[in-house]
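Structure assessment
Spelled out, the chains give:
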Amino acid sequence: MVYETDNKTVDDALERVFAGERLDRTDGLALMAQPVDPLAEAGAAVRDHFGDGTVDACSIVNAKAGNCAEDCGFCAQSVHFDTGIDTYDFIGPEKVLEAAKRAERDGAQRFGIVVAEKGVSKEHRPEEWADVLEAIRLVRDECALEIDASLGILTEEEAEILVEEGINHYNHNIETSPRYFPEIVDTHSFEDRVQTLEIAKDAGMDLCAGVILGMGETPTDRVDAAIALQEIGISSLPVNVLNPVEGTPLAEQGAAISTEEIIKTVAVYKLLHPESRVRLTGGREVNLDPDEQHLPLEAGADGLLTGDYLTTEGQSPGDDIEIIERAGLEPNQETNEFDPEAVKARHSDAAESSADSTASTGAEPSDD
């Protein structure tokens, strides 16, 4: 297949990707130095060549919030920082199921059960472990969704049990490059995260592992993170963009990233991971203007995390479908055959109802 962007570095890399060659660190660094427009064209070409023309939507539930002993500098849920978030123990299997059913109605293909802590431990917290497994079974039996989990570190036994219960993807982000990771986290190492991913993969789960952009890392760090993910072997690469939460160290640092850098990084990631879903996740709404959110999709991204995030609000699934369509793509309906127009109409009606209620009471919308 021949595709030309009129940029020799980009075109040479694109030809090699189409030929089945895996690009390396040197390629990634050279690509990151190129202008955004040819990179975006190349990212889209790779997505079109290896993908199915759809954008896959996932949704998550924060099943246990706050009081995490780790000190990740971006995280509102760390016990080390005073962020004022609501904290709660595991919400229970039935409430997880309710969240999964909402995600299914809103067109998600995947549903992730997330627990904020170093690890859900079968040995040390057996009751919580049992509740997590019961939640997985309920979602598996009652919803047309692929079930994912993000439960922190795993033992080999725990990973094998999760596979038996039907977990499809295990999410454990590496956050950034091996070099920059110690600048963000002190309480565990980059290698600890890689070990958990390897345990999950060896047990038979696919891997969802990605990064957070805008934490003060360099473009080289962004490439090195992608190369580390190549070595691990992933099928979904979530790209978060820092949404600084007051009280966390990174909010005080005030790191930022431009729209152009986000688009370039997404495109380079697609070239380095041509057969993986490159998924736009947390922070995109606050780092990209509404009329810019389709641009990373046009640069090769083919996945979204839709709905709310762990401690911050997202936008509506109806809005996300409109962004997908604006990029000239379609929502994935392979697992959940939903009606996109019904999703958009439902969320439009809900927004109008909320606006009418605010107007009638004279109240201002809350940021909480």
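Sequence order as written defines the numbering, with residues in each chain counted from 1. Where local features are concerned, this predicted model is filtered to residues with pLDDT of at least 70; where side-chain atom pairs are given and counted, the filter is 80 or more; whole-chain, interface and lining totals use all residues. Values reported for side chains reflect all heavy atoms of the structure, with hydrogen atoms and water molecules removed beforehand.

1. A short note on the environment of aspartate 48
Along the chain, aspartate 48 falls in helix 3 (residues 36-50). Put simply, aspartate 48 and cysteine 208 are 160 residues apart on the chain and 21 Å apart in space, counted from C-alpha to C-alpha. For aspartate 48, the side chain forms a polar contact with the side chain of arginine 47, separated by 3.2 Å. The helix and strand labels rest on DSSP assignments: H or I over at least four residues marks a helix, E over at least two residues marks a strand, and numbering proceeds from the N terminus. For this analysis, a polar contact is any N or O atom pair within 3.5 Å, provided that within protein one partner can donate a hydrogen and the other can accept it, and provided that sequence-adjacent residues contribute only side-chain to side-chain pairs.

2. Description of empty space enclosed by the protein
Each cavity reported here is a set of points on a 1 Å grid over the protein atoms alone in which a 1.4 Å probe fits but cannot get out, each pocket an open set with protein on both sides within 12 Å along at least five of seven lines, and each lining residue one with an atom within 4 Å of a point. Grid points are joined across faces, edges and corners, and a volume is the space filled by probe spheres set on the points. Enumeration over the complete set of coordinates arrives at two cavities of 30 Å³ or more. There is about 80 Å³ of room inside the largest cavity. Lining the largest cavity are 13 residues, and of these Ala57, Asp106, Gly107, Ile321 and Ile324 lie nearest its centre. Put simply, the parts of the chain that give the lining of the largest cavity at least two residues each are strand 1 (54-64) and helix 14 (317-326). Throughout this entry, Asp, Glu, Lys and Arg are counted as charged residues, while Ala, Val, Leu, Ile, Met, Phe, Trp, Tyr, Cys and Pro are counted as nonpolar. The remaining residues, Gly among them, count as polar. In terms of residue class, the lining of the largest cavity is built from eight nonpolar, three polar and two charged. Every residue lining the second largest cavity is listed: Glu175, Thr176, Val211, Ile212, Leu213, Glu217, Asp221, Arg222, Ala225 and Tyr269. Looking at the lining of the second largest cavity residue by residue, the class counts come to five nonpolar, one polar and four charged.

3. A short note on the environment of alanine 44
Counting through the fold element by element, alanine 44 comes out in helix 3. Distance in space between the C-alpha atoms of alanine 44 and asparagine 243 is 26 Å, their sequence separation being 199 residues.

4. Side note on the confidence of the model for the chain
The quantity known as pLDDT measures the predictor's confidence residue by residue, on a range of 0 to 100. Of the residues in the chain, 93% reach a pLDDT of 70 or more, and the chain-wide mean stands at 89. Residue contacts are counted whenever heavy atoms from the two residues lie within 4.5 Å of one another. Within the model, the stretch residues 357-368 combines pLDDT values under 50 with four contacts to residues more than four positions away or in other chains.

5. Regarding the packing of aromatic side chains
Only centres within 6.5 Å qualify two rings of Phe, Tyr or Trp (six-membered ring in Trp) as a pair; their planes then separate them into stacked at under 30 degrees, edge-to-face at over 60, and tilted for everything else. Tallying each qualifying case throughout the model produces one aromatic pair. Seen in terms of ring centroids, phenylalanine 181 and phenylalanine 190 are 5.8 Å apart; in terms of plane orientation they differ by 80°. Their pairing is edge-to-face.

6. As for a negative patch on the surface
Together, Glu4, Asp6, Asp37, Glu41 and Glu260 line one region of the surface with negative charge. Examined against the element boundaries, glutamate 4 turns out to sit in the segment before helix 1 (8-18). Partly exposed describes any residue whose relative accessible area lies between the buried limit of under 20% and the exposed limit of over 50%, with all areas from a 1.4 Å probe on protein chains only and scaled to the type maximum. Judged by its relative accessible area of 57%, glutamate 4 is exposed. Patch membership is restricted to residues that have no salt bridge and whose relative accessible area is over 30%. Joining uses 9 Å for like charges and 5 Å for the nonpolar side chains Val, Leu, Ile, Met, Phe, Trp and Tyr. To measure how exposed things are, a 1.4 Å probe is used in the Shrake-Rupley method; for residues, cover is taken only from the protein chains shown. We define a salt bridge as a side-chain nitrogen of Lys or Arg found within 4 Å of a carboxyl oxygen belonging to Asp or Glu. A residue counts as positive if it is Lys or Arg and as negative if it is Asp or Glu; His and the chain ends are not included. In plain terms, the charge of a residue is placed at NZ if it is Lys, CZ if Arg, CG if Asp and CD if Glu.

7. Details of the side chain of arginine 47
Turning to its location among the elements, arginine 47 is positioned in helix 3. Judged by its relative accessible area of 6%, arginine 47 is buried. If sequence neighbours within four positions are ignored, arginine 47 has contacts with Lys270, Leu297, Glu298, Gly300, Ala301, Asp302 and Leu329.

8. Here we look at helix 4 (residues 93-105)
At 3.6 residues per turn, the α-helix brings residues three or four places apart onto the same side. If you check helix 4, its first and last C-alpha atoms are 19 Å apart, about what 13 residues at 1.5 Å a residue would give, namely 18 Å. Looking at helix 4, one finds that the buried residues are Pro93, Val96, Leu97, Ala99, Ala100 and Ala103. Down the axis of helix 4, the sector holding all buried residues measures 160°, keeping them to one side. Opposite its buried face, helix 4 presents the exposed residues Glu94 and Lys95, each directed more than 90 degrees away. Positive phi appears at glycine 107, one or two residues downstream of helix 4, with a value of about 95°. Here a helix's expected span is defined as the number of its residues, less one, multiplied by 1.5 Å. For this quantity, the arc is that covered by the directions from the helix axis to the C-beta atoms.

9. Focus on helix 5 (residues 126-142)
With 17 residues, helix 5 should reach 24 Å at 1.5 Å per residue; the first-to-last C-alpha distance of 24 Å fits that figure. Within helix 5, burial applies to Glu128, Trp129, Val132, Leu133, Ala135, Ile136, Leu138 and Val139. Check the buried side of helix 5 and you find it contacts strand 1, helix 4, strand 2 (110-115), strand 3 (146-150) and helix 6 (156-165).

10. With respect to the pairing of strand 3
Of all the five residues making up strand 3, four are buried; the element is thus mostly covered by neighbouring parts of the structure. Relative to strand 3, strand 2 is paired through five bridges, and the arrangement is parallel. Across the sheet, the residue bridging to valine 114 is serine 150, located in strand 3. Note on the crossover from strand 2 through helix 5 to strand 3: the handedness is right-handed. Strands pair, by our definition, only if DSSP identifies at least two bridges between them. Here, the term right-handed applies to a crossover whose path from the first strand over the helix to the second runs clockwise when the strands point away from the viewer.

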